Structures are given as C-alpha cells and as structure tokens.
Amino acid sequence: MVRSLLRRLRGGSSETGQASISSDAAASKPANRALQRPPADSRDRARALVMGLQDEICAGLERLDGLGRFQEESWDRPEGGGGRSRVMREGRIFEQGGVNFSEVHGLELPPSILRQRPEAKGHPWFATGTSMVLHPRNPYVPTVHLNYRYFEAGPVWWFGGGADLTPFYPFLEDARHFHRQHKQACDSVSPELYNVFKPWCDEYFFLKHRGETRGIGGIFYDYQDGNGQLYKGQDPEGPAAHAATAIGSVPLGWEQLHDLARACGQAFLPAYSPIVERRNNLPYGDRERQFQLYRRGRYVEFNLVWDRGTIFGLQTNGRTESILMSLPPLARWEYGYSAPEGSREALLTDLFTRPQNWFDDPSLEARCQPHQAVN
C-alpha cells in the first residue's frame, strides 16, 4: 500500500485538509471547456462559503456530541496559503473527527493537473475547500465524510464535492435518509443532478483491490465548470456516465454551482444528526467493536491507495497532519477474514458494500428484516 502511494505521488474527492483539485482521466477534454468566466469576487465568495460551512458544521457537531469540543490549529503553507484544522478527540459520540478548511495557491500546477487541463499551464492557481471525516465510537453509528471545494487557474475553474456514509452495522432507513437529504439538496438546483452524482459516488468510493464500495455512498461530483457536462469521471461505460448521457447537457453557471455547494453542505447536519441520535445509545460488545476496527481498515486502504485528494495534498507540500486527519484513531487488519454466513456482518459485506437503488428496490426490506436492520 505504501509503495502504491509513493508511485502515485510521482504521477495526483478529497478526504484531507487540502482542497481537492486532482486529476481525473476523463475530465474535461479539449472540446469541453468552461463557457463563462467566474465573477470578479469568485475567490472571496468561494472562501467565505467553505469557511462558513466549516463553522456551521463544527457548531452543529459540538451540540450533537454534547461533550467533545473542536481544537483549532492554524497552519501556513510555505508555497502559498494555509488553513485551519479543527479536531475533536474522545467526545461522548466521536472517538475522533476533523473538520478542516484550506486555501492554497501557487505559480505552477503539478503535472497531474496540467495533463488534463493544459490551458492552465503558466497561470497562477488557487484552491479552497472544507473537508470532514468523523469516526464515532459506537459501531452502530456510521463513519461519515464530506468535502466541498473550488479551483481556479487562469481560464480554468470548477466546483467539486460530495458526502458519503460508511456504516459498520447498517440500517436501511439510515441509508435512505442520508440519500434523501442529499437528493433534496441537489434537486434544489436541478432535478437531474442526483441521478448522476449518486452513481458517481458509488464509482469513486470503490476499493478496486477489494471489489467493494467503501460504504453506502451519497453524492460526488467534480470538475463542474458550467459547460453542461455533468459526468467527468473515469468510467465512460459506467452507470454515472450512462445517466449523464441520457440526461444530456445541463449547463449550470457559476452562481448555480456555488448554490449547489452551499445546499449540499448545509444538508449534511440534517442528513447525519438523526442517524447519530437513533443509533448512539444502542448497546454493543467486543464482537461489534472488533468488526468496526476491521472495517475501519478498509477506510485506511481507500484513503492511502485511491483517494486523489490525499495524493494532491502530498504532491503540493500540504500539511501532512491535515491531509491524513481522515484516518481513524484505531483500526485493525485480519488475514483472510470472512463474515459468518447469515450474520449481521455478512449483511454489510453482501449488501451495503454494493451499489443499491435505495429508494425503489423492494427486495432490500426482505434482506434486511431478518437482521432487524430496516428501521
């Protein structure tokens, strides 16, 4: 895994304190460039947006936890920019969690960006974003991730972001609630977005070496630059690409994409807090704790092997502690583990680490009911 990370560093959704502006093999081909310039105050407004989301989310999480408090540490990047990292440890609910803000800039983009956006060469660049990962203590409370970001370099600009949920002992209603809240946020800008961003999330948060998704997904989007092309991911034959093709062009201007990031960011607390409140008091024992730690290992594997934001942050000499704050405080690996057939653990690996139609598949209730995993 370390060798893989080093290999990728030579080449760049982010789970780090860095704004994710990393490459995507199918992003923005030369014929599909941005059709408009951002407003003159775009950087100030993008910065204010993500800083505001950080403040709102931190305040909401402190209220939810009731005991834990975020400790803030500001940092500077020698090449330009910096950020503020906020970390909570040993709270009532959250074993560890971080909500970060970064604003970084420079004169020369890494090759991983220029290969996809050659028109950015020679232009100073700017990126800002907020990112969050929370690792609750109770195995019945899911781990969760969020990231929203904005990038500019000369004629190039884009928005990206999303949120996804990683349960260990899942409930069908929790998955539906999380998706429902984010669908409503997407629908507030365009009713077409969720139909692409949901399968794009399933595609992105996929551990190729394990053949499974990291969790039950949510939404994910990147390289949204006003040209109408909704999907700019790496699988032109996948469900997200097919959905985008069927929908066609959906030109969203800078203002609409700014509104989308705000709506989705503000949907996070209503999407996550009710799940925490329902599950945090459920009793658990050593078996559940050990399975949680084992599955946390998958989270580590994804972030170190596949996450583009981690790679970009390290490529651009970001703050290592902020980049890796997404990793859990404790995790474990077990050689050759297989969940017992018919167990609640097997329900996770057989159903909840596979892309699902959470709203319209009636068979899901039948599969979850024997495990009391519906409501």
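What you see is a predicted model, and the numbers here were worked out from it, not measured in a lab.

Some thoughts on the overall build of the protein chain
Turning to step 1, where the next piece is worked out: Helix and strand counts for the protein chain stand at 13 helices and nine strands.
Turning to step 2, where the next piece is worked out: In summary, the protein chain has a C-alpha radius of gyration of 20 Å against a globular reference of 21 Å for 375 residues, a match within 12%.
Turning to step 3, where the next piece is worked out: Dimensions of the protein chain along its principal axes, counting C-alpha atoms only, are 55 × 45 × 40 Å.
Turning to step 4, where the next piece is worked out: Considering the protein chain as a whole, with its 375 residues, one finds that 62% of them fall into the buried category.
Turning to step 5, where the next piece is worked out: For the protein chain, the computed accessible surface area is about 14600 Å², with 51% contributed by carbon and sulfur atoms.
Turning to step 6, where the next piece is worked out: One way to put it: in the protein chain the 44 positive side-chain charges average out to a point 3 Å from where the 45 negative ones average out.

Digging into the environment of Glu334
Turning to step 1, where the next piece is worked out: Inspection of the secondary structure puts Glu334 in the loop between helix H11 (320-323) and helix H12 (344-352).
Turning to step 2, where the next piece is worked out: On the basis of relative accessible area, Glu334 is assigned to the partly exposed category, the value being 35%.
Turning to step 3, where the next piece is worked out: A sequence separation of 234 residues divides Glu334 from Asn100, and the C-alpha atoms of the two residues are 31 Å apart.

As for the confidence of the model for the protein chain
Turning to step 1, where the next piece is worked out: On average, the protein chain scores 89 in pLDDT, and the residues at 70 or more come to 90%.
Turning to step 2, where the next piece is worked out: Scored below 50 in pLDDT, residues 1-13 makes 36 contacts in the model with residues more than four places away or belonging to other chains.
Turning to step 3, where the next piece is worked out: pLDDT under 50 marks residues 16-34. Its contacts with residues more than four places away, or in other chains, come to 85 contacts.

Examining unusual backbone geometry
Turning to step 1, where the next piece is worked out: The backbone of Tyr223 shows a phi angle near 55 degrees, a positive value even though the residue is not glycine.
Turning to step 2, where the next piece is worked out: Looking at where Tyr223 falls in the secondary structure, it is placed in strand E9 (residues 217-224).
Turning to step 3, where the next piece is worked out: Although it is not a glycine, Gln372 sits at a positive phi angle of roughly 50 degrees.
Turning to step 4, where the next piece is worked out: Relative to the assigned elements, Gln372 resides in the segment after helix H13 (363-368).

A word on the nonpolar core
Turning to step 1, where the next piece is worked out: Core analysis: the largest hydrophobic core is formed by 80 residues, its most contacted members being Leu61, Met132, Phe197, Phe268, Tyr272 and Phe352.
Turning to step 2, where the next piece is worked out: For Leu61, the residues in contact, after removing those within four places along its chain, are Phe70, Met88, Phe94, Val99, Met132, Leu134, Phe268 and Leu269.
Turning to step 3, where the next piece is worked out: Counting residues in hydrophobic clusters, the runner-up holds 13 residues, among them Val104, Leu114, Phe151 and Trp158.

Let's talk about the pairing of strand E6 (residues 156-166)
Turning to step 1, where the next piece is worked out: Within E6, 11 of the 11 residues are buried, which leaves it mostly tucked inside the rest of the structure.
Turning to step 2, where the next piece is worked out: Neither face of E6 is exposed, since Val156, Trp158, Gly160, Gly162, Asp164 and Thr166 on one face and Trp157, Phe159, Gly161, Ala163 and Leu165 on the opposite face are all buried.
Turning to step 3, where the next piece is worked out: The pairing of strand E5 (residues 143-153) with E6 spans 11 bridges and is classified as antiparallel. What sits directly across from Arg149, in E6, is Gly160.

Overview of helix H7 (residues 254-266)
Turning to step 1, where the next piece is worked out: Look at H7: 18 Å from first C-alpha to last across 13 residues, which is about the 18 Å you get at 1.5 Å a residue.
Turning to step 2, where the next piece is worked out: Among the residues of H7, Trp254, Leu257, His258, Leu260, Ala261, Ala263, Cys264 and Gly265 are the ones counted as buried.

A look at the packing of helix H5 (residues 193-204) against helix H6 (residues 239-247)
Turning to step 1, where the next piece is worked out: Contact pair H5 / H6: the axes reach a minimum separation of 8 Å and the direction vectors enclose 165 degrees. Of the possible angle classes, the one that applies to H5 and H6 is roughly antiparallel. The chirality of how H5 crosses H6 is left-handed. In this structure, H5 contributes Asn195, Val196, Pro199, Trp200 and Glu203 to the contact, and H6 contributes Pro239, Ala240, Ala243, Ala244 and Ile247.
Turning to step 2, where the next piece is worked out: In terms of residue class, the contact of H5 with H6 is built from eight nonpolar, one polar and one charged.

Digging into the sheet that holds strand E3 (residues 94-106)
Turning to step 1, where the next piece is worked out: Read across the open sheet, the seven strands follow the order E1-E2-E3-E4-E5-E6-E9; overall the sheet is antiparallel. Edge positions in the open sheet fall to strand E1 (71-76) and E9, since each of these has one partner strand only. Across the sheet, the mean angle separating the axes of adjacent strands is 5 degrees when strand polarity is ignored.
Turning to step 2, where the next piece is worked out: Across the face of the sheet, H5 comes into contact with E6 and E9 while running at roughly 100 degrees to E9.
Turning to step 3, where the next piece is worked out: Packed on one face of the sheet, helix H9 (residues 286-305) meets E3, strand E4 (125-136), E5 and E6 and runs near 165 degrees to E4.

Focus: the packing of aromatic side chains
Turning to step 1, where the next piece is worked out: Counted under the stated rule, the structure contains 25 aromatic pairs.
Turning to step 2, where the next piece is worked out: Seen from their ring centres, Phe197 and Tyr221 are 4.9 Å apart, and the 25 degrees between their planes marks the pair as stacked. Of the two residues, Phe197 is situated in helix H5 and Tyr221 in strand E9; the sequence distance between them amounts to 24 residues.
Turning to step 3, where the next piece is worked out: Owing to a relative accessible area of 0%, Phe197 belongs among the buried residues under this scheme.
Turning to step 4, where the next piece is worked out: Ring plane angle 25 degrees and centroid distance 5.5 Å describe the contact between Phe268 and Tyr272, whose orientation is recorded as stacked. Residue Phe268 and its partner Tyr272 are both found in helix H8 (residues 268-279); the two are separated by four residues, about one turn of the helix.
Turning to step 5, where the next piece is worked out: The exposure class assigned to Phe268 is buried, which follows from its relative accessible area of 0%.
Turning to step 6, where the next piece is worked out: Residue Tyr272 is classed as buried on the basis of its relative accessible area of 0%.
Turning to step 7, where the next piece is worked out: Members of the aromatic cluster, joined through ring pairs, are Tyr148, Phe197, Trp200, Tyr204, Phe205, Phe220, Tyr221, Tyr231 and Phe302.
Turning to step 8, where the next piece is worked out: Seen from the ring of Trp306, Lys208 lies directly overhead, with NZ or CZ sitting 4.3 Å from the centre.
Turning to step 9, where the next piece is worked out: Stacked on the ring of Phe171, the Lys or Arg Arg344 has its end atom at 4.7 Å from the ring centre.

Rules of the game
- Along every chain, residues carry numbers that run from 1 in the direction the sequence is written.
- pLDDT decides what is reported in this predicted model: residues at 70 or higher carry local features, side-chain atom pairs at 80 or more are listed and counted, and totals for whole chains, interfaces and linings draw on all residues regardless.
- Calculated side-chain values reflect all of the structure's heavy atoms, with hydrogen atoms and water omitted.
- Labels follow the DSSP assignment, with helices taken as runs of H or I lasting at least four residues and strands as runs of E lasting at least two, numbered in each case from the N terminus.
- Here the radius of gyration uses the C-alpha set of atoms, whereas the globule reference equals 2.2 Å times the residue count to the power 0.38.
- For every residue, the accessible area obtained with a 1.4 Å probe (protein chains only) is divided by the maximum for its type, and the residue is called buried under 20%, exposed over 50%, and partly exposed between those limits.
- Each accessible area is a Shrake-Rupley estimate made with a 1.4 Å probe; only the visible protein chains count as cover when residues are assessed.
- Neither His nor the chain ends is counted toward charge; the positive residues are Lys and Arg and the negative residues Asp and Glu.
- We put the charge of a Lys on NZ, of an Arg on CZ, of an Asp on CG and of a Glu on CD.
- The predictor rates its confidence in each residue with pLDDT, a number between 0 and 100.
- Residue contacts follow a heavy-atom distance rule, with two residues in contact if any of their heavy atoms lie within 4.5 Å.
- Residues belong to a common nonpolar core when they are buried Ala, Val, Leu, Ile, Met, Phe, Trp, Tyr or Cys residues joined through side-chain atoms within 4.5 Å.
- Here, any two strands with at least 2 DSSP bridges between them count as paired.
- For a helix, the expected span equals 1.5 Å multiplied by the residue count minus one.
- Fitting a line to C-alpha atoms yields each axis, with helices limited to the stretch in contact; the angle taken between N-to-C directions then spans 0 to 180 degrees.
- Any angle between 65 and 115 degrees counts as roughly perpendicular, while under 35 counts as roughly parallel, over 145 as roughly antiparallel, and the rest as oblique.
- For any pair of crossing helices, the crossing counts as left-handed if the nearer helix is rotated counterclockwise from the farther one by less than a right angle, and right-handed if it is rotated clockwise.
- Residues are grouped as follows: nonpolar covers Ala, Val, Leu, Ile, Met, Phe, Trp, Tyr, Cys and Pro; charged covers Asp, Glu, Lys and Arg; every other residue, Gly included, is treated as polar.
- Pairing of aromatic rings covers Phe, Tyr and the six-membered ring of Trp, with a centre-to-centre limit of 6.5 Å; geometry is then stacked below 30 degrees between planes, edge-to-face above 60, and tilted otherwise.
- Both a distance and an angle decide whether a charge sits over a ring: NZ of Lys or CZ of Arg must be within 6 Å of the ring centre and within 35 degrees of the ring normal.

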